[in-house]
Amino acid sequence: MLNPADLAAIWLTCKLATTTTVLLLLIGTPIAWWLARTRSWWKGPVGAVVALPIVLPPTVLGFYLLLLMGPDGAVGRFTEWAGVGLLPFTFWGLVLASVFYSMPFVVQPIQNAFEAIGERPLEAAATLRAAPLDAFFSVAVPLARPGFITATILGFAHTVGEFGVVLMIGGNIPDKTRVVSVLIYDHVEALEYGQAHWLAGGMVAFSFLVLLALYAFTGRKTR
Amino acid sequence: MRLTATALLCLVCCTSATHADEVQVAVAANFTAPAKQIAADFEKDTGHQAMLSFGATGKFYAQIRNGAPFEVLLAADDETPARLEKEGAAVAGTRFTYATGRLVLWSAKPGYVDDQGEVLKKGEFKHLAIANPRLASYGMAAMEALTTLKLLDAVQPRFVQAENIAQAYQFIATGNAELGFVALSQVFKDGKFVEGSAWVLPAKLHQPIRQDAVILDKGRGKPAAAAWLKYLRGDRAKAVITSFGYEL
């Protein structure tokens, strides 16, 4: 069955997905808000950059992140200058990579929800003398709640399912970067199919339940 | 449209090599460079064409057991070919050691690794890249060498594990790990190191890394498969193999 190394990987995966999702909600919400409302020429390019991880192979992202966060890369130079050292092979390196990698899965549902609200509720709030920030938190965010829930679930689940990027920049270190998907790969490669089944089967069940919950939820909303 | 193009391409390839056959070869990642060179010579000398796929031996094993179309395996170890033979997935009696790998402690920085490996004892590094010892024979050999040197406990907390030595090389080449264990063949060409600094570990520090080749079930009775293995034992191939730092 599951041994302590497997359990450590499961715990680490949950920690990574939770941290990433919280950060993404904080970073993604303003981006989604801006994308939903701007008429700027920059909307296209910014939206495209956010969506890049959907179409790029994770190996491309992982490879460039490894170079960028390395001692000769721009991010690596910055983190060394800032005194936090290099990010590859660290938990926070994985967090940074995951934030980028799962970004579209959080930004797009929230953006869609904001777009669906339209101008009128916010104009109404403004006529009631709500300041823009007040209108955002007491009108826009509650109305966009389904979008936030979808974003949270997808962001979390997508980070749990991350593999290629972690493989490229993780270094497979117990309790720091050895997440479930990498451990499954190890078990399979080492021909420990029994061990692999426990984790892989668990992932299938987890993913199915998450998506089931999501569809049940969104189905109820639209009806 | 794309299908038609592919079909046409196949047709062109097939007709241009009238008498020659193709052999599908699965090649261990560490043997990529020499295999390409040998395949080019092989085509010139015999007319046969070797189609090479590169990857991890463990992955090849799983693919072969599940019907992959490979006819020959050049493994990174001697266990996988033996296992395939025992399980009836390889042709008995065709197994032989085509190269013996040498392990090297390597850094992309010139002058960083001394020729005695003292840098390991000094321990002034944050990350030591190693191929996963559960998966890769070179990783296993590195563990054995560190155990022999009584350094394992000291350096193990600084391990970063790669899935294979190609990835270990990548960790080091990008400077993310200051140094690490790779195959000599990855950093050595024509009698010298291509870049950085290195220490070739004395062979007595670890079990020899025997890399075995075997004809697989799908290659049974195929002339091109037999010709490829024969060619691999020939003088021209041997010269290529040793030029990359392998022993025979």
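If you're wondering where the values come from, they're calculated on a predicted model, not measured in any experiment. (Residues numbered from 1 in each chain as written. Chains lettered and ligands numbered in written order. Predicted model: local features only at pLDDT ≥ 70, side-chain atom pairs only at ≥ 80, totals over all residues. Heavy atoms only, no water.)

K.L.:
Please clarify how the overall build of chain A should be interpreted in this entry.
P.N.:
A tally of regular secondary structure across chain A gives 11 helices and 0 strands. Dimensions of chain A, computed from C-alpha atoms along their principal axes, come out at roughly 65 × 45 × 25 Å. Within the span of chain A, comprising 223 residues, buried residues form 43% of the whole. Intrachain contacts of chain A at a sequence separation of at least 6 include 71% that bridge at least 24 residues. With an accessible surface of roughly 11,600 Å², chain A has 71% of that area assigned to carbon and sulfur atoms. Charged side chains in chain A number 13 positive and 12 negative. The centres of these two groups are separated by 15 Å. (Helix = DSSP H or I, 4+ residues; strand = E, 2+ residues; numbered from the N terminus. Buried < 20%, exposed > 50% of the residue type's maximum accessible area, 1.4 Å probe, protein only. Contact = heavy atoms within 4.5 Å. Areas by Shrake-Rupley, 256 points an atom, 1.4 Å probe, with all protein chains shown as cover. Lys, Arg positive; Asp, Glu negative; His and termini not counted. Charge placed at Lys NZ, Arg CZ, Asp CG, Glu CD.)

K.L.:
Would you take a moment to explain the overall build of chain B for this structure?
P.N.:
Secondary structure summary: chain B contains 11 helices and 12 strands in total. In summary, chain B has a C-alpha radius of gyration of 19 Å against a globular reference of 18 Å for 248 residues, a match within 12%. Seen through its C-alpha atoms, chain B measures out along the principal axes to roughly 60 × 40 × 35 Å. Scored against the burial criterion, the 248 residues of chain B give a buried share of 52%. When the accessible surface of chain B is split by element, carbon and sulfur atoms take 55% of a total near 11,500 Å². Put simply, chain B has 27 plus and 25 minus side-chain charges, and the middle of one group is 2 Å from the middle of the other. (Rg over C-alpha atoms; globule rule 2.2 N^0.38 Å.)

K.L.:
Whenever I open this one, the environment of Thr29(A) confuses me. Can you help?
P.N.:
All names here are of chain A. Here Thr29 shows up in helix α1 (residues 4-37). Given a relative accessible area of 10%, Thr29 falls into the buried group. The sequence separation of Thr29 and Ala157 amounts to 128 residues, and the corresponding C-alpha distance is 18 Å. Ignoring any residue separated from it by four or fewer positions in sequence, one finds Thr29 in contact with Leu24, Ile110, Phe114, Phe136 and Phe148.

K.L.:
Help me understand the nonpolar core in this model?
P.N.:
Soluble globular proteins tend to bury their nonpolar side chains together. Core analysis: the largest hydrophobic core is formed by 58 residues, its most contacted members being Phe31(B), Leu74(B), Leu105(B) and Trp228(B). Of the domains in this structure, domain 1 (2-100 + 209-243) and domain 2 (103-200) of chain B are the two that each give at least three residues to this core. Those residues in contact with Leu105(B), other than ones at most four positions away along the chain, are Val113(B), Val119(B), Leu120(B), Leu128(B), Leu179(B), Gly180(B), Phe181(B), Ser197(B), Ala198(B), Trp199(B) and Leu201(B). One finds Val106(A), Val139(A), Trp106(B) and Ala168(B) within the second-largest nonpolar core, a separate group that totals 56 residues. (Core = buried A, V, L, I, M, F, W, Y, C linked by side-chain atoms within 4.5 Å. Domains from an automatic or database assignment.)

K.L.:
Help me understand the domain arrangement of chain B, please; the structure alone is not making it clear to me.
P.N.:
All names here are of chain B. We note that the domain assignment places domain 1 (2-100 + 209-243) and domain 2 (103-200) within chain B. One C-alpha centre belongs to domain 1, the other to domain 2; they are set 28 Å apart. Facing 8 residues of domain 1, the contacting portion of domain 2 comprises 12 residues. On the domain 1 side of the contact with domain 2, Asn30, Ile209 and Ser243 bury the most area, a combined 62% of that side's loss. At the boundary of domain 1 and domain 2, one finds 0 salt bridges. The interface formed by domain 1 and domain 2 contains 4 residue pairs in polar contact (both at pLDDT 80 or more). In the side of domain 1 that touches domain 2, the residues fall into 3 nonpolar, 4 polar and 1 charged. (Buried area = accessible area lost by both parts, 1.4 Å probe. Salt bridge = Lys/Arg side-chain N within 4 Å of Asp/Glu carboxyl O. Polar contact = N/O pair within 3.5 Å; in protein donor to acceptor, adjacent residues only side chain to side chain. Nonpolar A, V, L, I, M, F, W, Y, C, P; charged D, E, K, R; others polar.)

K.L.:
I'm lost on the packing of helix α3 (residues 57-65) of chain B against helix α4 (residues 79-86) of chain B in this one. Help?
P.N.:
Geometry of a packed helix pair, given as the angle between the helix axes and the separation of the axes. Residues and elements named next belong to chain B. Remark: α3 packs on α4, axes separated minimally by 10 Å, with the N-to-C direction vectors making an angle of 15 degrees. When the axis of α3 is compared with that of α4, the two are roughly parallel. Seen along the crossing, α3 lies across α4 with a hand that is right-handed. Contacts between α3 and α4 involve Thr57, Tyr61, Ile64 and Arg65 from the first element and Thr80, Arg83 and Leu84 from the second. (Axes fitted to C-alpha atoms, helices over the stretch in contact; angles between N-to-C directions. Parallel < 35°, antiparallel > 145°, perpendicular 65-115°, else oblique. Left-handed = near helix turned anticlockwise from the far one by under 90°.)

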